[in-house]
Number of protein chains: 2
Amino acid sequence: MSIFYLPQLQKGVSHYELSEEESKHCIKVLRMQTGAELELINGIGLQAHAVLKVAHVKKSIVEILALELHPPTQNIHIALAPTKNAERLEWFVEKATELGMTKLSFIRCERSERKQLNLARLEKIAIAAIKQSKRFYLPQIFALDSFDEFVQKYPNGYIGHCYDGPKIGLKSLDNNRPFLIGPEGDFTQKEIDLALIQHYEAVDMSSYRLRTETAALLATTALIR
Amino acid sequence: MSIFYLPQLQKGVSHYELSEEESKHCIKVLRMQTGAELELINGIGLQAHAVLKVAHVKKSIVEILALELHPPTQNIHIALAPTKNAERLEWFVEKATELGMTKLSFIRCERSERKQLNLARLEKIAIAAIKQSKRFYLPQIFALDSFDEFVQKYPNGYIGHCYDGPKIGLKSLDNNRPFLIGPEGDFTQKEIDLALIQHYEAVDMSSYRLRTETAALLATTALIR
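Predicted, not measured: the structure shown is a model, and the values here were computed from it.

A. The arrangement of the overall build of chain A in detail. Helix and strand content of chain A: 6 helices and 11 strands. Projected onto its principal axes, the C-alpha positions of chain A cover 65 × 30 × 30 Å. A total of 225 residues make up chain A; the buried ones form 52% of that total. Within chain A, residue pairs in contact and separated by at least 24 positions form 72% of the contacts whose partners lie at least 6 positions apart. Counting only carbon and sulfur atoms, one obtains 49% of the accessible surface of chain A, whose full area is about 10600 Å². Here chain A contributes 28 positive and 27 negative side-chain charges, whose respective centroids are spaced 4 Å apart.

Shown next, in the form of structure tokens:
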């Protein structure tokens, strides 16, 4: 059954108007007609079985038939320095969302090459990915934070870097801790020291030199139970 | 130092001509001049430190200064039904190569949507990825095999599918066994039965519905020690 994203979906309301985008997808792309059944999700656990009451290309109306609330999933929090190439970042958002990431933070590092982000576009990709993968929770995507602010706000995390020093393996991580991935040129020693003060643990990522988005996806798979 | 791919690199030969493509990259893109030092790899473990003797845009000549043979890495064998979308497949080849995949097989399944593959293009992507990630072994990429042929040739593997039944977790796999990932519409029950006869074990991939290339990358990360 086709899935539509309806963030305002809540208990106790029987009829909703689909957004212009979802209406267009429903009527123009899927060619659904009045009486067709569909599924709605609000991205925070609620799923509805619904029926199309008014088929309109810009403002379709749906009626709720049944509601189900799905419990929250494990916390998978990835923080990364945005890649220079926007497409690589978008790819990461799609894949990590499919796999179960619940929070995505962006950090401004000394060696970051990208300082601007199109968060609306990234959210759109995440919405498409939760529909595709049948998840009920949309990852929260946060605006850019400075490195210092981030490690203070979220202490006790994991950090992947290429410097020498004690590192733990990827196979036994605690999925409740954030995982920090650096920019193309790696973190600076100063940044690593700041993270260590906030009780971050360094993780041995790979024998090879990974691109930022590859390391971030590897971190996501390592946090999944 | 810049890395160039030279498959004919071997012990006992002191001078080589770079391929037209690598010469162009060396002279036109990197603007290297006679006397510049560079690194060569043959994709099967040999690494050379070399110097540019003749800077020519189509046939540069290099002289070997030192050679090192790197031991083979762990065996990571992924077999998948090619995705309908070629870009998704190319993306998988890049990422899995960075992470350490050593063999890539393609299988023709009953529900496969793509029957043709541009193996030369996939190899090019893998070559770029081993240079990027500083690997010394190029993954072997095999032409399409039928499902039956594959499971007979490579028994005792892992298989990721969405049917019910006993499944093992992703966290404790033996990296010496091939991992089979199905097409967009999943394997057929008949294919799964054929795999079970060849002592394949089903693996519990995710609570979510993963795209083929996402599942294949997750399988790659699960096989890495």
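The discussion continues.
B. Summary view of the sheet that holds strand E9 (residues 158–160) of chain B. All names here are of chain B. Read from one edge of the open sheet, 6 strands run E8-E7-E6-E10-E9-E11, paired in parallel fashion. Edge positions in the open sheet fall to strand E8 (140–146) and strand E11 (201–203), since each of these has one partner strand only. On average, adjacent strands in this sheet sit at an angle of 25° to one another, irrespective of strand direction.

C. Up close: the domain arrangement of chain A. Residue and element names in this part refer to chain A. Structurally, chain A comprises domain 1 (3–69) and domain 2 (77–223). For domain 1 versus domain 2, the separation of C-alpha centres amounts to 33 Å. Listed as interface residues are 11 residues of domain 1 and, on the opposing side, 9 residues of domain 2. Summed over both partners, the interface of domain 1 with domain 2 comes to about 870 Å²; 66% of that surface belongs to carbon and sulfur atoms.

D. Quick look at the environment of Leu144 of chain A. Residues and elements named next belong to chain A. Inspection of the secondary structure puts Leu144 in strand E8 (residues 140–146). C-alpha of Leu144 to C-alpha of Ala81: the two residues are 63 residues apart in sequence and 8.7 Å apart in space. Excluding residues that lie within four positions of it along the chain, Leu144 makes contacts with Pro82, Phe106, Ile107, Arg108, Lys115, Gln116 and Leu117.

E. Quick peek at the relation of the copies chain B and chain A. Overlaying chain B with chain A gives an RMSD of 0.0 Å, the required rotation being 180° about an axis along which the chain moves by 0.0 Å. The superposition operator between the copies reduces to a two-fold rotation axis. A high fraction, 100%, of the interface residues of chain B reappear at the interface in chain A, so the copies pair face to face through one surface.

F. Here's a closer look at the interface of chain B and chain A. On the side of chain A, 25 residues touch chain B, which itself brings 25 residues to the contact. Taking both partners together, chain B and chain A bury about 2500 Å²; carbon and sulfur atoms supply 51% of that area. In terms of surface lost to chain A, no three residues of chain B exceed Lys171, Tyr208 and Arg209 of chain B, which account for 29% of the buried area on that side. Notably, a salt bridge pairs Lys95 of chain A with Glu213 of chain B, separated by 2.7 Å at the nearest N-O pair. The tally of links between chain B and chain A comes to 19 residue pairs in polar contact (both at pLDDT 80 or more). Mapped onto the side of chain B that touches chain A, the elements with two or more residues apiece are helix H2 (86–99), helix H3 (119–133) and helix H6 (212–223) of chain B.

G. Inspection of the pairing of E8 of chain A at higher detail. Of the strand pairs in this sheet, strand E7 (residues 103–108) of chain A and E8 of chain A are connected by 5 bridges, and their pairing is parallel. Residue pairing across strands places Arg108 of chain A opposite Ser146 of chain A, the latter belonging to E8 of chain A.

H. Local environment of the sheet that holds E8 of chain A. All names here are of chain A. Pairing in this open sheet of 6 strands is parallel, and the strands run E8-E7-E6-E10-E9-E11 from one edge to the other. Strands at the two margins of the open sheet, each flanked by one partner only, are E8 and strand E11 (201–203). Between one strand and the next, the sheet's axes are offset by a mean angle of 25°, whatever the strand orientation. The pairing of strand E6 (residues 77–80) with strand E10 (residues 179–181) spans 3 bridges and is parallel. In the strand pairing of E10, Ile78 is matched with Phe179. Lying on the sheet, helix H3 (residues 119–133) is in contact with E7 and E8; it crosses E8 at an angle near 145°.

What counts, and at which threshold
- Residues numbered from 1 in each chain as written.
- Chains lettered and ligands numbered in written order.
- Predicted model: local features only at pLDDT ≥ 70, side-chain atom pairs only at ≥ 80, totals over all residues.
- Heavy atoms only, no water.
- Helix = DSSP H or I, 4+ residues; strand = E, 2+ residues; numbered from the N terminus.
- Buried < 20%, exposed > 50% of the residue type's maximum accessible area, 1.4 Å probe, protein only.
- Contact = heavy atoms within 4.5 Å.
- Areas by Shrake-Rupley, 256 points an atom, 1.4 Å probe, with all protein chains shown as cover.
- Lys, Arg positive; Asp, Glu negative; His and termini not counted.
- Charge placed at Lys NZ, Arg CZ, Asp CG, Glu CD.
- Pairing = 2+ DSSP bridges.
- Axes fitted to C-alpha atoms, helices over the stretch in contact; angles between N-to-C directions.
- Domains from an automatic or database assignment.
- Buried area = accessible area lost by both parts, 1.4 Å probe.
- Least-squares fit on C-alpha atoms with pLDDT ≥ 70 in both.
- Salt bridge = Lys/Arg side-chain N within 4 Å of Asp/Glu carboxyl O.
- Polar contact = N/O pair within 3.5 Å; in protein donor to acceptor, adjacent residues only side chain to side chain.

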